[in-house]
There are 2 protein chains.
Amino acid sequence: MRVALDGGAGVPLRRQIAGQLRAAILERRLPPGARLPSSRRMAAELNCARGTVLAAIDDLIAEGYVVARPGSGVAAAANLPDEMLAPPRAGAAAGAAGAPPPALPARTTALLAAARDVASGPAAPVAFPLGQPDREAFPFPLWAKLLEREWRRPGWQVAGAPHPFGHAGLRAAIAAYLGAARGFACEAAEVVVTSGVQQAVTLFARAVLEPGARAWIEEPGYPGVAAALEAAEAVPAPVPIDAAGFSAEAALAAAPDARLAVVAPSHHFPLGTVMSLPRRLALLAWAERAGGWIVEDDFDGEYRYAGRPLAPLRALDRSGRVAYLGSFSKLLFPTLRLSFMVLPPPLAAPMERVMAALSAPAALLGQGALARFIADGHFAAHLRRTRVLYAARQEAVVAAAARHLRGMLAVPPDVGGMHLVARPDAGVRLDDRAATAAAGAACVRVARLSVCYRGEAAAHGLLLGYAGTPDADIEPAIRRLADALAVRHAAPARPRD
Amino acid sequence: MRVALDGGAGVPLRRQIAGQLRAAILERRLPPGARLPSSRRMAAELNCARGTVLAAIDDLIAEGYVVARPGSGVAAAANLPDEMLAPPRAGAAAGAAGAPPPALPARTTALLAAARDVASGPAAPVAFPLGQPDREAFPFPLWAKLLEREWRRPGWQVAGAPHPFGHAGLRAAIAAYLGAARGFACEAAEVVVTSGVQQAVTLFARAVLEPGARAWIEEPGYPGVAAALEAAEAVPAPVPIDAAGFSAEAALAAAPDARLAVVAPSHHFPLGTVMSLPRRLALLAWAERAGGWIVEDDFDGEYRYAGRPLAPLRALDRSGRVAYLGSFSKLLFPTLRLSFMVLPPPLAAPMERVMAALSAPAALLGQGALARFIADGHFAAHLRRTRVLYAARQEAVVAAAARHLRGMLAVPPDVGGMHLVARPDAGVRLDDRAATAAAGAACVRVARLSVCYRGEAAAHGLLLGYAGTPDADIEPAIRRLADALAVRHAAPARPRD
């Protein structure tokens, strides 16, 4: 048996000795029942104090690897299962680095097949990422100061025992902001801080729906909504939208028993459609009549470049059936991961009591700093700055598309939002899966319109997120996109998938 | 029709006029089709510029509330559903356009000040909360500085596009810490930052189990584990533990088809049992033989007051079947909400690719600061300080219990952890539901042993979390507990529930 000590390894001698004896037992170099050399002999061989050897052996006795036999020293334990005592296989010690990947269930294998390779290096900035704000606009030094101030001496409600709906100051700041900016009154008590819009949808659906109940979603729509409903054991019922947005009449025809509608009336994702006032009132009338619930997703309602927005459903709701959702992550920076939901007033008290059972709370770390950021006017100022920035970017995309994509794709302007939809010109056939792949190869990360359909895609198109694309990159990226598509366009037409 | 303007409300006149006309239409004071007064007349009555009235009417036309009739002025729209036009019910004003929205800065500041008072107000500290660290021990001023430094100029990988497993620096710091403190080597690439132990269990079970597959859990055990498995559509199979901890043999007898075991070998929750080495090796042998997986929950393994801990399962695992879980929230402060999972090496690459589909990422805001906290040695120093503190608190609880609970409850010491288990003395009958209620009335928040059983509770007892209970509060709280139980004890015995 060899025990080699390495005085420079930074590991105490006692632990080195114990570790190597343990390995010798597990690898059968010291077979079950075999007696260990005396502590005196080991100390002499290892050139260390005998007390150190005895301490190591005490550790192994405590761990059960060796047993002390009165009068006859210590021996390797006999009661370790045989399988574990087999000699280690080649490569197994290093975490089975060379071994074939383990068998995984069908669900995971399917996910793996669908997953794109994750880039491990520094993410090269790509043009047109969806849902990402400008990288330079957010005032991080100010944010850092607010964080520092918040955490210097936090109360225990912040550090240890927060309200189930989140930071009280942030909830008050959100309520005040909505009153001023979105034109409806709500109480801080109705505001729940969440880590994302999807979490909010899941939480609300869990609270108001029986498992297996149906919920209307917009077709096309944000794919995350359907996933969020399924996480709440609800069954999404897609309702095709038209030029006036979501229609309660069409929804009732499609799934008359639904008890929840999830809609984006102020700016539909991804098409940008604005739900008309009669449609809004009809949906509210349904909710009141049928005892239904409405989730109003207003996630980029802050960016409106032309005209005045319609009153949110929440502002028109007389009967307390609307939950209103907004997100900060897409407006400030993505890893903030803070969104909010304004509950229908009658639900605030009961959901507070059951919140812990419905959902994990959003991380509290940034909530106090965000409260100050809003209350001190920095949030409104940031929105004003970025509104000008993004309006100009949208114009730049429309202009560049008119120059370079003519004859292939039409990119009309939108009254608001952070992205545009490029649709094939008349007579042009677009396979948006192939087009996004071709664009990706040219470092243009456009998203596909067709994935926003839950059923068969009624249209193909490309989604261009312009908010996070610097001014100078827009025209070159549109040119690269045009080149990538021109090559595809010249290739033989392929059927849509 | 009355329109009253309030120049001091901080709301632009144009929006006040539009808001009140909107309310008049919705409340039928202006019935569908009714013509509005001329803009000239309204301006004269309201004593404001005619342009302001025209702008308000333009807004209402854009919103669809009023329609312009060429040559004959404007009228309330006819196409609003009747139901919405009914007079508002008493008390249904929330969200109706009548009330002017509040001005932002003053009210926000006031609300924030009020909220702050609530946050820092006297949340009555209760004795013996479970899973809570000491309130004073964590160095918040240092933490605030680390946060400030991290967020002053964050890279975009921190602010916008993090790795799906979390902050690279934190993952490296965790790997290095585990090598030094827990005696096993792992790579940063295998470390996933999660928001809690439950999230980690759900994530891992989703990746390795087919829906409906069975997973062994300890009986009794942490109730969150069963909930986390159910969230992954796995079926928990409780396996009673004995004095040597979880037994693979008993587990195979109970549910031979299980493919996952979730265990806490170093310090069982709630009993404190340490899983023996032969049991550890037998469980590992099962995993290797059957292609099973093990989740090793080591959430309070850092607190060990006597003897040396056994090697973790992860350190003994030769075949890459063990995921190791640890938590920072219980060691530092609860709202940190950061935990970690070290994946079996063969699963690191495949799970990286499907992570986005399996689980929401943990909040990134504190991860960089925590990385520095660990790497600069503050974490190890904090553990050393609190280990001394908590060991003394455990002794104080044991001593106080021996004085005041004799004849009712026995509270033996534990080799580690952050709580103790009080069990009824021989001949004493304890209903722990009634006992916790009686204790709560005396401001002693003990938890129940019986809720840790998934099946019928084999034992009743009280769980006393001592780590977060200040030294001076321990003896008085034990006395209050004794008084509360003595009253109950004197009352007629009740059957267990």
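Please read all numbers here as calculations on a predicted model, not as lab measurements.

Each value, and the rule that gives it
- Residues numbered from 1 in each chain as written.
- Chains lettered and ligands numbered in written order.
- Predicted model: local features only at pLDDT ≥ 70, side-chain atom pairs only at ≥ 80, totals over all residues.
- Heavy atoms only, no water.
- Pairing = 2+ DSSP bridges.
- Helix = DSSP H or I, 4+ residues; strand = E, 2+ residues; numbered from the N terminus.
- Contact = heavy atoms within 4.5 Å.
- Buried area = accessible area lost by both parts, 1.4 Å probe.
- Salt bridge = Lys/Arg side-chain N within 4 Å of Asp/Glu carboxyl O.
- Polar contact = N/O pair within 3.5 Å; in protein donor to acceptor, adjacent residues only side chain to side chain.
- Nonpolar A, V, L, I, M, F, W, Y, C, P; charged D, E, K, R; others polar.
- Buried < 20%, exposed > 50% of the residue type's maximum accessible area, 1.4 Å probe, protein only.
- Core = buried A, V, L, I, M, F, W, Y, C linked by side-chain atoms within 4.5 Å.
- Right-handed = clockwise from strand over helix to strand, strands pointing away.
- pLDDT = per-residue confidence, 0-100.
- Phe/Tyr/Trp six-rings, centres within 6.5 Å; stacked < 30°, edge-to-face > 60°.

Draft legend 1. Layout of the sheet that holds strand β12 (residues 447-448) of chain B. Residue and element names in this part refer to chain B. An order of β10-β11-β13-β12 is seen for the four strands of this open sheet, with the pairing classed as antiparallel. Edge positions in the sheet fall to β10 (409-410) and β12, since each has one partner strand and no second. Alignment of β12 against strand β13 (residues 462-465), held across two bridges, turns out to be antiparallel. Counterpart to A447 in the pairing with β13 is L463.

Draft legend 2. Representation of the interface of chain A and chain B in the model. Contacts between the two partners involve 97 residues from chain A and, on the opposite side, 101 residues from chain B. Of the roughly 8,800 Å² buried between chain A and chain B on both sides combined, carbon and sulfur atoms contribute 63%. At the boundary of chain A and chain B, one finds zero salt bridges. Linking chain A with chain B are six residue pairs in polar contact (both at pLDDT 80 or more), by the criterion used here. The biggest single contributor to the side of chain A that touches chain B is helix α6 (residues 140-152) of chain A, with 10 residues. Looking at the side of chain A that touches chain B residue by residue, the class counts come to 60 nonpolar, 13 polar and 24 charged.

Draft legend 3. How the structure looks around the pattern of salt bridges. All told, the structure shown has 28 salt bridges over all chains when counted by the stated rule. Among the salt bridges present, the one from D298 of chain A reaches R182 of chain A, with a minimum N-O distance of 2.3 Å. Of the two residues, D298 of chain A is situated in the loop between β7 (293-297) and α13 (313-316) and R182 of chain A in the loop between α8 (168-181) and β3 (191-194); the sequence distance between them amounts to 116 residues. For D298 of chain A, a relative accessible area of 2% puts it in the buried group. Residue R182 of chain A is classed as buried on the basis of its relative accessible area, which comes to 11%. E148 of chain B is the salt-bridge partner of R152 of chain B, the closest N and O atoms lying 2.9 Å from each other. Taken together, the residues R152 of chain B and E148 of chain B, both in helix α6 (residues 140-152) and four residues apart, mark about one turn of the helix. The structure contains a network of salt bridges with shared partners spanning D134, R393 and D471 of chain A.

Draft legend 4. Focus on the nonpolar core. Judged by nonpolar contacts, the single largest core of 181 residues is most densely connected at W143, W151, W216 and L283 of chain A together with W143 and W151 of chain B. Sorting elements by how many residues they give to this core places helix α16 (residues 378-404) of chain B first, with seven residues. Excluding residues that lie within four positions of it along the chain, W143 of chain B makes contacts with W151 and L365 of chain A together with F138, F333, L336, G366, A369 and L370 of chain B. Formed by 45 residues, the second largest nonpolar core is a distinct cluster that contains L26 and L60 of chain A together with L283 and L316 of chain B.

Draft legend 5. A look at unusual backbone geometry. The omega torsion of the bond from E219 of chain A to P220 of chain A falls at 0°, within 30 degrees of zero and hence cis. In this structure, P220 of chain A sits in the loop between β4 (214-219) and α10 (223-231). Here the phi dihedral of F128 of chain A falls at roughly 65°; this positive angle occurs in a residue that is not glycine. Here F128 of chain A is to be found in the loop between α5 (106-114) and α6. Phi is positive for C443 of chain B, close to 60°, though the residue is something other than glycine. Turning to its location among the elements, C443 of chain B is positioned in the loop between α17 (432-441) and β12.

Draft legend 6. Molecular detail of the pairing of strand β6 (residues 260-263) of chain A. Residue and element names in this part refer to chain A. Where burial is concerned, the two faces of β6 agree: the one with L260 and V262 and the one with A261 and V263 are both buried. As paired strands, β4 and β6 are joined by three bridges and run parallel to one another. Considered in β6, the bridge of I217 is made with V262. Strand direction decides the pairing type here: β6 and β7, joined by four bridges, are parallel. Paired with L260 across the two strands is W293, which belongs to β7. In terms of handedness, the path from β6 via helix α12 (residues 277-290) over to β7 forms a crossover that is right-handed.

Draft legend 7. Region of interest: the confidence of the model for chain A. All names here are of chain A. For chain A, mean pLDDT is 86; residues scoring 70 or higher make up 89% of the total. Below a pLDDT of 50 lies the segment residues 491-497, which in the model reaches 10 contacts outside its immediate sequence neighbourhood of four places, other chains included. Interface confidence for the predicted complex, given as ipTM, is 0.80, next to a pTM of 0.79.

Draft legend 8. Spotlight on the packing of aromatic side chains. Taken as a whole and assessed by the stated rule, the structure comprises 38 aromatic pairs over all chains. Between the aromatic rings of F138 of chain B and F333 of chain B, the centroid separation amounts to 5.1 Å while the plane-to-plane angle is 50°, which identifies the pairing as tilted. Placement of the pair is F138 of chain B in the loop between α5 (104-120) and α6 and F333 of chain B in the loop between β8 (322-327) and β9 (339-342), with a sequence separation of 195 residues. Seen in terms of ring centroids, F328 of chain B and F340 of chain B are 5.5 Å apart; in terms of plane orientation they differ by 45°. Their pairing is tilted. Here F328 of chain B, found in the loop between β8 and β9, pairs with F340 of chain B, found in strand β9; they are 12 residues apart in sequence, far enough to count as distant. Exposure remark for F340 of chain B: the relative accessible area of 4% places this residue in the buried category. Every member of this aromatic cluster is reached through a ring pair, and the members are F138, F140, W143, F333 and F373 of chain A together with W151 of chain B.

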